[in-house]
Amino acid sequence: MFAIVRTGGKQYRVTAGDIIAVEKLAGEAGDSVTLDDVLLAGDGGEMKDVKGLKVAAEIVAQEKGEKVIIFKKRRRHNYRRKNGHRQQHTVLKINAIGGKAPAKKAAPKKEAAPAADKPAAEKKAAPAKKAAPAKKAPAKKAAAKKAAAKTEAKPAAAKKAPAKKPAAKKPAAKKKD
C-alpha cells in the first residue's frame, strides 16, 4: 500500500518501510510521529478512501542537508559575496500506512457544583473583589506619569523650525558708465 503525504509544504510518496528526509519536524531520534495530511492512498491500481487516514512514522535522525553555496558578483565593481547554507531536515522511517486518525472528542462538560460548594465559591469571589481596588492604585500612578509625559512633550513640539529659508539675494546689476 502507498500514500501521498504532505508535510513541510512538499508532497512525498511513501510505503511502509521507506526512509525519507522531510523539512524539520519537532522531536528527537526515536520519537513517533503521525502524518495526518494524507492526500491519496492506494493499493496497486485501486484507490482507497483517505478520510481520517494517517501514516505512522518514527524519527531516525535530525540532520543538516548538503551545503549550498550562494555567490554574488557584479562585474567591474569589485563586488563579491560568498555565503553558504545547510537546511535542517528530519529523517523519517515510515512504520505503517492506515489506521483511522483519532476523532477529536468534545471537551467533557463540567457538572453543576453541589450546593455545599456554592458558599465556598462565593468566599473565593469576595477576596478577588478586594484585590481589584489594589490594582487600581498603580493604574492611577501610571496615568499620572503619562499625563506628565504629555505636558513635557508639548513644549518641545511648540518649537518648530522655519518652513523655508529666504531666497538668496541676487547681486546688483552692473551700471554702465
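Just above, that's the structure.
Let us look at the structure shown here. None of these values were measured; they are calculated from a predicted model.

### What about the nonpolar core?
Right, on to step 1. Counting residues in hydrophobic clusters, the biggest one holds 18 residues, and the most contacted among them are Ala-3, Val-14, Ile-20, Val-55, Leu-92 and Ile-94.
Right, on to step 2. Considering each element in turn, this core owes the most residues, four residues, to strand 7 (residues 53-74).
Right, on to step 3. Beyond its immediate chain neighbours, meaning those up to four positions away, Ala-3 contacts Tyr-12, Arg-13, Val-14, Val-38, Leu-40, Ala-41, Val-55 and Ile-97.

### Here we look at the packing of aromatic side chains
Right, on to step 1. Taken as a whole and judged by the stated rule, the model has zero aromatic pairs.
Right, on to step 2. Directly above the aromatic system of Phe-2 lies the positively charged group of Arg-13, at a separation of 4.4 Å from the ring centroid.
Right, on to step 3. Just above the ring of Tyr-79 sits the side chain of Arg-74; from NZ or CZ to the centre is 4.6 Å.

### Let's talk about the pattern of salt bridges
Oppositely charged side chains can form a pair if their charged atoms are brought close together.
Right, on to step 1. Evaluation of the coordinates by the stated rule reveals two salt bridges.
Right, on to step 2. Among the ionic pairs, Asp-37 bridges to Arg-6, the shortest N-O distance being 2.8 Å. Taken together, the residues Asp-37 in the loop between strand 4 (32-35) and strand 5 (38-43) and Arg-6 in strand 1 (residues 2-7) connect sequence positions 31 residues apart.
Right, on to step 3. Overall, the relative accessible area of 38% leaves Arg-6 in the partly exposed class.
Right, on to step 4. Measuring nitrogen to oxygen at the nearest pair gives 2.7 Å for the salt bridge that ties Lys-10 to Glu-23. With Lys-10 in strand 2 (residues 10-15) and Glu-23 in strand 3 (residues 19-23), the pair connects residues that are 13 residues apart, well separated along the chain.
Right, on to step 5. Lys-10 gets classed as partly exposed once you look at its relative accessible area, which sits at 40%.

### Looking at unusual backbone geometry
Right, on to step 1. Positive phi, close to 65°, is recorded for Arg-76, a residue that is not glycine.
Right, on to step 2. Topologically, Arg-76 is positioned in the loop between strand 7 and strand 8 (79-100).
Right, on to step 3. The phi torsion at Asn-78 lies on the positive side, around 55°, for a residue other than glycine.
Right, on to step 4. Within the secondary structure, Asn-78 is located in the loop between strand 7 and strand 8.

Cut-off values and rules
- Residues numbered from 1 in each chain as written.
- Predicted model: local features only at pLDDT ≥ 70, side-chain atom pairs only at ≥ 80, totals over all residues.
- Heavy atoms only, no water.
- Core = buried A, V, L, I, M, F, W, Y, C linked by side-chain atoms within 4.5 Å.
- Buried < 20%, exposed > 50% of the residue type's maximum accessible area, 1.4 Å probe, protein only.
- Helix = DSSP H or I, 4+ residues; strand = E, 2+ residues; numbered from the N terminus.
- Contact = heavy atoms within 4.5 Å.
- Phe/Tyr/Trp six-rings, centres within 6.5 Å; stacked < 30°, edge-to-face > 60°.
- Lys NZ or Arg CZ within 6 Å of the ring centre and 35° of its normal.
- Salt bridge = Lys/Arg side-chain N within 4 Å of Asp/Glu carboxyl O.

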